[in-house]
Amino acid sequence: MESGLSQCRGLVELNMWSCITDFFTYETTKSVVVKSWTIGIINRVVQLLIITYFVGWVFVHEKAYQIRDTAIESSVMTKVKGFGVYNNKVMDVADYVTPTQGGSVFCIITKLITTENQVQGYCPESERKYVCTHDSNCTKRINKPGSYGILTGRCVPYGNGTKACEIKGWCPAEIDTIETSPMMEVENFTIFIKNSIRFPTFNYTKGNFLPTITDDYIKRCNFDMDENHYCPIFKVGDVVKYAQQNFTKLANKGGVIGIKISWMCDLDKSDDHCSPSYSFTRLDAMSQQNAVSPGYNFRFAKYFKMEDGTDYRTLVKAYAIRFDVLVNGNAGKFNMIPTLINMVAAFTSVGVGTVLCDIILLNFLKGAEQYKAKKFEEVSDKPQSNGLYRSQLSLRHNETMLESSDSGAFSIEHYS
């Protein structure tokens, strides 16, 4: 009995010691060297392509070694200058620019349709769809909003022997079908843009006034793509042309033009390499394709008071070119963390060549069965009589196995 317990304790101690020794062992992979021109060339070409991609595109073009900041903080101030003539009146900035704050979105009015001396009261609608013969024609519209006021349901004389549905509101009702010519002097107006930006990640600030710009240069320069691409003064006609639009059509119906300022900065280089670039586009392109509401227009009113205290106003329907100044940016600076991450990714991706070569080697080349026999080792799950599991190389007895004496690598010679 005691001898049996001693044997059990001995086996337990032996198993524990075996586990400990197995834990403190080192395992290494077995290499199979295939001397084949075909697979060797494929392997090197794939590795070269991967390395070229990471060096040329990832590191050089995309600058993956940098940490980037796209959360640009921006301030835009604008100012328009120029004089025009409309309806025999000289128009200055206070007349044709709205809103007056000089922000990043502003309008230059090109055409006006005015309805003067409107007062609160009752009057007929001015649109043709409200022409009527009896009150019943207007009663069915009473719960629907009118074009220029609240419908009363009555059919009243309009003029020239016609009648129209009556409204309660500002009278007389607006007639916005009058044809007028736009103020063509707008084409020569100038827009001054002052832009300041900051990249918070790097605490880097800059403006579109470069150090080389002087007061004398500002007074005489106008932006153009070739010579004065850093001048902050833009002619309206040039902006419209760069946006590939026709000024006459744009001034007649109105529209929205985007002035885009891009800051693409490499902060590893000198400060001169962080400069703005300008581009221009039509933002309301869909309105050009829509005949229902083309262009851009809006209404506003100027209010007055009569001597008896009655309020009256001048209603203005304005066609305008709206300018949206859009600022975007992307700054980068060297940082060790993205550099290491992308280097590890590059080295890991080189192993893709090995996977591709293994697929070709084991499935498509002549002698694929021989390669499989050398690469894979079969282990039987049935123990032999001595209690050990039988392990053998899956090689045919008539195949020759060359084993390196120092590295454990099998070499298979094949000439394709």
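Presented here is an overview of the structure given in this document. (Residues numbered from 1 in each chain as written. Predicted model: local features only at pLDDT ≥ 70, side-chain atom pairs only at ≥ 80, totals over all residues. Heavy atoms only, no water.)

**Section: the pattern of salt bridges**
Which entries qualify depends on this criterion: Salt bridge, as applied in this entry: a Lys or Arg side-chain nitrogen positioned within 4 Å of an Asp or Glu carboxyl oxygen. Segments assigned H or I by DSSP are reported as helices when at least four residues long, segments assigned E as strands when at least two residues long, and all are numbered from the N terminus. Throughout this description, buried means an accessible area under 20% of the type-specific maximum (1.4 Å probe, protein chains only), exposed means over 50%, and partly exposed covers the range between.
One pass over the structure, following the stated rule, counts eleven salt bridges. Taking the shortest distance from any N to any O, the salt bridge between aspartate 271 and lysine 206 comes out at 3.4 Å. Highlighted residues: aspartate 271 in the loop between strand E14 (255–266) and strand E15 (276–282) and lysine 206 in strand E12 (residues 204–207), separated in sequence by 65 residues. By relative accessible area, aspartate 271 is classed as partly exposed at 39%. The exposure class assigned to lysine 206 is buried, which follows from its relative accessible area of 13%. Taking the shortest distance from any N to any O, the salt bridge between aspartate 284 and arginine 282 comes out at 2.4 Å.

**A short note on the environment of alanine 94**
Mapped onto the secondary structure, alanine 94 falls in helix H3 (residues 93–96). Using a relative accessible area of 64% as the deciding quantity, one classes alanine 94 as exposed. As for alanine 94 and valine 80, which are separated by 14 residues in sequence, their C-alpha atoms are 9.9 Å apart.

**Quick word on unusual backbone geometry**
With an omega of -10 degrees, the peptide bond between threonine 98 and proline 99 qualifies as cis. Within the secondary structure, proline 99 is located in the loop between strand E6 (97–98) and strand E7 (105–124). Of note, the bond from cysteine 171 into proline 172 is cis; its omega dihedral lies within 30 degrees of zero at 0 degrees. With respect to the helices and strands, the residue proline 172 is situated in the loop between strand E10 (162–171) and strand E11 (190–199). Even without being a glycine, asparagine 203 presents a positive backbone phi close to 50 degrees. Counting through the fold element by element, asparagine 203 comes out in the loop between E11 and E12. In this structure, glutamine 244 is a non-glycine residue whose phi angle is positive, near 60 degrees. Counting through the fold element by element, glutamine 244 comes out in the loop between helix H6 (236–242) and helix H7 (247–253).

**Re helix H2 (residues 37–61)**
Note the cut-off: Each helix should span, by expectation, one fewer than its residue count multiplied by 1.5 Å. Should any heavy atoms of two residues lie within 4.5 Å, those residues are counted as being in contact.
In this model H2 runs 34 Å from its N-terminal to its C-terminal C-alpha over 25 residues, within 8% of the 36 Å that 1.5 Å per residue would give. Along H2, the residues classified as buried are Ile39, Asn43, Val46, Gln47, Ile50, Phe54, Val58 and Phe59. As for H2, its buried residues are in contact with strand E1 (32–35), helix H9 (336–350) and helix H10 (352–363). With its phi angle positive at about 50 degrees, lysine 63 sits one or two positions after the end of H2.

**With respect to the state of the cysteines**
Worth spelling out the cut-off: Any two cysteine sulfur atoms within 2.5 Å of one another count as a disulfide.
Going through the model one piece at a time under the given rule, you end up with five disulfides. Two residues share a disulfide in this structure: cysteine 138 and cysteine 165, whose sulfurs sit 2.1 Å from each other. Torsion about the S-S bond of the cysteine 138 and cysteine 165 cystine: about -90 degrees, corresponding to left-handed handedness. With cysteine 138 in helix H4 (residues 135–139) and cysteine 165 in strand E10, this residue pair connects regions lying 27 residues apart in the sequence. A residue is classified by how much of its surface remains accessible, and cysteine 165, at 1% relative accessible area, is buried. At a sulfur-sulfur separation of 1.9 Å, the disulfide partner of cysteine 265 is cysteine 274. Here cysteine 265 and cysteine 274 share a disulfide; its torsion about the S-S bond, 55 degrees, makes the bridge right-handed.

**Details of a nonpolar patch on the surface**
Quick note on the threshold: Without a salt bridge and with relative accessible area above 30%, a residue can belong to a patch; like charges are then joined within 9 Å and nonpolar side chains (Val, Leu, Ile, Met, Phe, Trp, Tyr) within 5 Å. All accessible-area figures derive from a Shrake-Rupley calculation using a 1.4 Å probe, and residue coverage is judged against the displayed protein chains alone.
On the surface, Phe334, Met336, Leu340, Met343 and Phe347 cluster together to form a nonpolar patch covering roughly 530 Å² of accessible area. With four residues, the single largest contributor to the nonpolar patch is H9. Take leucine 340: it is sitting in helix H9. By relative accessible area, leucine 340 is classed as partly exposed at 45%.

**Some words on the packing of H9 against H10**
Inclusion rule: The convention used is that axes are lines fitted to C-alpha atoms, helices contributing only their stretch in contact, and that angles between N-to-C directions extend from 0 to 180 degrees. Oblique is the label for every angle not falling under 35 degrees (roughly parallel), over 145 degrees (roughly antiparallel), or within 65 to 115 degrees (roughly perpendicular). Each residue gets one label: Ala, Val, Leu, Ile, Met, Phe, Trp, Tyr, Cys and Pro are nonpolar, Asp, Glu, Lys and Arg are charged, and the others, such as Gly, are polar.
Interhelical geometry of H9 versus H10 gives an angle of 15 degrees and a closest axis separation of 4 Å. When the axes of H9 and H10 are compared, the pair comes out roughly parallel. Between H9 and H10, the residues in contact are Thr348, Ser349 and Val350 and Val352, Gly353 and Thr354, respectively. Here the residues of the contact of H9 with H10 sort into two nonpolar, four polar and no charged.

**Quick notes on the side chain of aspartate 266**
Formally: We treat Lys and Arg as the positive residues and Asp and Glu as the negative residues; His and chain ends play no part in the count. Whenever two N or O atoms come within 3.5 Å, that pair is a polar contact, provided that in protein one can donate a hydrogen and the other can accept it, and provided that, for residues adjacent in sequence, both atoms are side-chain atoms.
For aspartate 266, the position within the fold is in strand E14. The side chain of aspartate 266 is buried and forms no salt bridge, while lysine 269, the nearest opposite charge, is found at 4.1 Å. Polar contacts involving the side chain of aspartate 266 include one to the main-chain amide nitrogen of aspartate 268, which spans 3.1 Å. Those residues within four positions of aspartate 266 in sequence are excluded, and the remaining contacts are Lys63, Gln66 and Gly332.

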